Amino acid sequence: MTTLGLIGLGRIGAFHADTLTNLPGVDRLVITDERPDVARQVATKYGATPVDSVEALLSSGVDGVVVAAATPAHAELTLDAVERHLPTFCEKPVAGTAAESAAVAEVIARSGVPVQIGYQRRFDAAFSAVKAAVDSGALGTLHTVRSTTMDPAPPPMEYIAGSGGIFRDCAVHDFDALRWITGQEAIEVYATGSVQGDPLFSEYGDVDTAAVTVRFDGGALGLVSAARYNGRGYDCRLEVHGFDDTVVAGWDQGVPVRNADAVAAGAFPTGAPHRFFMDRFAAAFRTELEGFLKVVQGGPVSGATVADAVEVAWIAEAAAESLRRNAPITIEEVRR
């Protein structure tokens, strides 16, 4: 019998509630949110048990905790769960800044409690196949890795105001994918961006379109494209180029592109474009939480660790500083 707790029932939290209540091996789901009415509604919809506070949830006999609250609460909630010796899954990021993330990681490391961070692309079938191809040596020396994340429309501006910016909120998934796929560490970052949509992006010190070059210690170059406006749909693709071969992910029938080379007899893509990250990665999210359930039951963390998340946070920090200074920034510079 496994009982899980879920903290936070916003967009991703409610999505996780649906997944967790339908996951074999989860016998009971205890949920809480700062909005009690939302907790009651979600509980009724999915057959979960609502409680009125985080303390009540942590004291309810749960075997593990999923943290899906707003970003500013991640560090405190994760440490609260770790203090109770509860295996924890935390949506990215660990904390608001890389330095804060590193401090949280030190506490978690001393505790010995397993913590998994929510980078679901590691559990996508195509991304996993790319990783396997790279690890097999079939591509030879890697020279270029391209990662794309483009949302069909920006989230609400209230969210943007506290998101930490496009590099910490959106492109971190690309940074994690690049680092995971290549098995290399970032040493230098150059980022640029523009605002052509809502002028509030500029007021918040953010951009709605960004491009980032990441230089890795093994010689590979990472190229990241991130955008908040992509009307055709949610575009998430990965291309890995080596001296001997090339492999890609995200070029499925739902890729949101119009192919100018397509001919009537064999047009590609033929499916409806992906509209949102939760439909594009629905299976990956489920596999990710299945992996966390195994962690709760005593297995190792198979996804992103806290240490992984800290390294990604430093890349995002370097990208933000590079944009501000319009200059390449080394990872060592931002670590100081």
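Numbering of residues starts from 1 in each chain and follows the order in which that chain's sequence is written. Per-residue local features are limited, in this predicted model, to residues with pLDDT of at least 70; the limit for side-chain atom pairs, both in listing and counting, is 80 or more; totals at the level of whole chains, interfaces and linings are taken over all residues. Think of the side-chain values as coming from all heavy atoms in the structure, minus any hydrogens and water.

Caption draft 1: Structural detail: the pattern of salt bridges. A pair is scored as a salt bridge if a Lys or Arg side-chain nitrogen falls within 4 Å of a carboxyl oxygen belonging to Asp or Glu. The final tally for this structure, using the stated rule, is 22 salt bridges. Residue Glu239 pairs with Arg146 through a salt bridge whose shortest N-O separation is 3.7 Å. With a gap of 93 residues between them, Glu239 in strand S11 (residues 235–242) and Arg146 in strand S7 (residues 142–150) connect regions that are remote in the sequence. For Glu188, the salt bridge identified is with Arg215, shortest N-O distance 3.3 Å. Taken together, the positions of Glu188 in strand S8 (residues 186–194) and Arg215 in strand S9 (residues 209–216) put the pair 27 residues apart, joining distant regions of the chain. One connected set of salt bridges, linked through shared partners, spans Arg122, Asp176, Arg179, Glu185 and Asp308. Working definition: helices are DSSP H or I runs of at least four residues, strands are E runs of at least two. Numbering for both runs from the N terminus.

Caption draft 2: Inspection of the nonpolar core at higher detail. Counting residues in hydrophobic clusters, the biggest one holds 100 residues, and the most contacted among them are Val65, Ile117, Phe167, Phe175 and Val240. At ten residues, the largest contribution of residues to this core is made by helix H13 (residues 306–325). Apart from residues lying up to four places away in sequence, Val240 is in contact with Val130, Val134, Leu139, Leu142, Thr144, Val145, Ile181, Asp245, Thr246 and Val247. Here, the term nonpolar core denotes a set of buried Ala, Val, Leu, Ile, Met, Phe, Trp, Tyr and Cys residues that are joined through side-chain atoms within 4.5 Å. For every residue, the accessible area (1.4 Å probe, protein chains only) is compared with the maximum for its type, and the residue is labelled buried under 20%, exposed over 50%, or partly exposed between those bounds. Two residues qualify as a contact provided that any one of their heavy atoms is within 4.5 Å of a heavy atom in the partner residue.

Caption draft 3: Fine view of the UniProt feature "domain: GFO/IDH/MocA-like oxidoreductase" (unreviewed entry) in the protein. UniProt positions are given in the numbering used here, feature names are shortened, and annotations may be inferred rather than shown by experiment. The UniProt feature table records "domain: GFO/IDH/MocA-like oxidoreductase" (unreviewed entry) at residues 127–243. Taken end to end, residues 127–243 has its terminal C-alpha atoms 20 Å apart, with 29% of it in helix and 35% in strand.

Caption draft 4: View of the layout of surface pockets. Think of a 1 Å grid over the protein atoms and nothing else: a 1.4 Å probe that fits but is trapped marks a cavity, an open set flanked by protein within 12 Å on at least five of seven lines marks a pocket, and residues with an atom within 4 Å of a point count as lining. Grid points are joined across faces, edges and corners, and a volume is the space filled by probe spheres set on the points. What the largest pocket holds in volume is close to 1100 Å³. In terms of lining, the largest pocket is formed by 45 residues, of which the most central are Arg11, Ile12, Ala69, Ala70 and Tyr159. Mapped onto the lining of the largest pocket, the elements with two or more residues apiece are helix H1 (11–21), helix H4 (74–83) and helix H7 (157–161). Each residue is assigned to one of three groups, with Ala, Val, Leu, Ile, Met, Phe, Trp, Tyr, Cys and Pro labelled nonpolar, Asp, Glu, Lys and Arg labelled charged, and all others, Gly among them, labelled polar. Per-class residue counts for the lining of the largest pocket are 22 nonpolar, twelve polar and eleven charged.

Caption draft 5: Just the pairing of strand S1 (residues 3–7), in detail. With respect to burial, S1 is a largely interior element, five of its five residues being buried. Residues Thr3, Gly5 and Ile7 point to one face of S1 and Leu4 and Leu6 to the other, with burial holding for every one of them. Should DSSP find at least two bridges between two strands, the strands are regarded as paired. Pairing analysis gives five bridges linking S1 to strand S2 (residues 28–32), with the strands arranged parallel. In the strand pairing of S2, Ile7 is matched with Thr32. This β-α-β element, S1 to H1 to S2, shows right-handed connectivity. Relative to strand S4 (residues 64–67), S1 runs parallel, the two being bridged by four bridges. Counted as the bridge partner of Gly5 is Val65 from S4. Here the term right-handed applies to a crossover when the path leading from its first strand over the helix to its second strand runs clockwise, the strands being oriented away from the viewer.

Caption draft 6: Representation of the sheet that holds S9. Read from one edge of the open sheet, seven strands run S12-S11-S7-S10-S9-S8-S14, paired in mixed fashion. Strand pairing shows two members of the sheet lacking a second neighbour, strand S12 (246–249) and strand S14 (329–330), which therefore form its edges. Helix-sheet contacts for helix H9 (residues 172–182) involve S7, S9, strand S10 (221–227) and S11, and the interaxial angle to S7 is about 155°. Across the sheet, H13 lies against S8 and S14, angled at about 50° from S8, the strand it touches most. Axes here refer to lines fitted to C-alpha atoms; in helices the fit is confined to the stretch in contact. Angles between the N-to-C directions go from 0 to 180 degrees.

Caption draft 7: Region of the structure containing helix H5 (residues 98–111). The span expected for a helix works out to 1.5 Å for each residue beyond the first. Taking 1.5 Å per residue as the helical rise, H5 with its 14 residues ought to reach 20 Å, and the 20 Å between its terminal C-alpha atoms agrees with that figure. Among all positions of H5, only Ala98, Ser101, Val104, Ala105 and Ile108 are buried. All buried residues of H5 lie within an arc of 120° about the axis, which places them on one face of the element. Exposed residues lying more than 90 degrees from the buried face of H5 are Glu106 and Arg110. Buried residues belonging to H5 abut H4, strand S6 (115–118) and H13. Count one or two residues on from H5 and you reach Gly112, which has phi positive near 80°. This arc describes the spread of directions from the helix axis toward the C-beta atoms.

Caption draft 8: Geometry of the packing of aromatic side chains. Classification of ring pairs uses Phe, Tyr and Trp, with its six-membered ring standing for Trp, and accepts pairs whose centres are within 6.5 Å; under 30 degrees between planes counts as stacked, over 60 as edge-to-face, and the remaining range as tilted. For the structure on display, the rule yields seven aromatic pairs. Both rings, one in Phe15 and one in Phe285, keep their centres 5.4 Å apart while their planes meet at 75°; by these two values the pair is edge-to-face. Separated by 270 residues along the polypeptide, Phe15 in helix H1 and Phe285 in helix H12 (residues 282–296) bring together distant segments of the chain. By relative accessible area, Phe285 is classed as buried at 1%. Centroid distance Tyr234 to Phe281: 6.4 Å. Interplanar angle 75°. Geometry classified as edge-to-face. Placement of Tyr234 in the loop between S10 and S11 and of Phe281 in the loop between helix H11 (277–280) and H12 is noted, with a sequence separation of 47 residues between them. On the basis of relative accessible area, Tyr234 is assigned to the buried category, the value being 3%. The class of Phe281 is buried, set by a relative accessible area of 0%. Put simply, the rings of Phe15, Phe276, Phe277 and Phe285 pair up and form one aromatic cluster. For the cation-ring pair, Arg280 lies above Phe281, with the distance from its terminal atom to the ring centre recorded as 4.3 Å. Placement of a positive charge over a ring is assigned whenever Lys NZ or Arg CZ falls within 6 Å of the ring centre and within 35 degrees of the normal to the ring plane.

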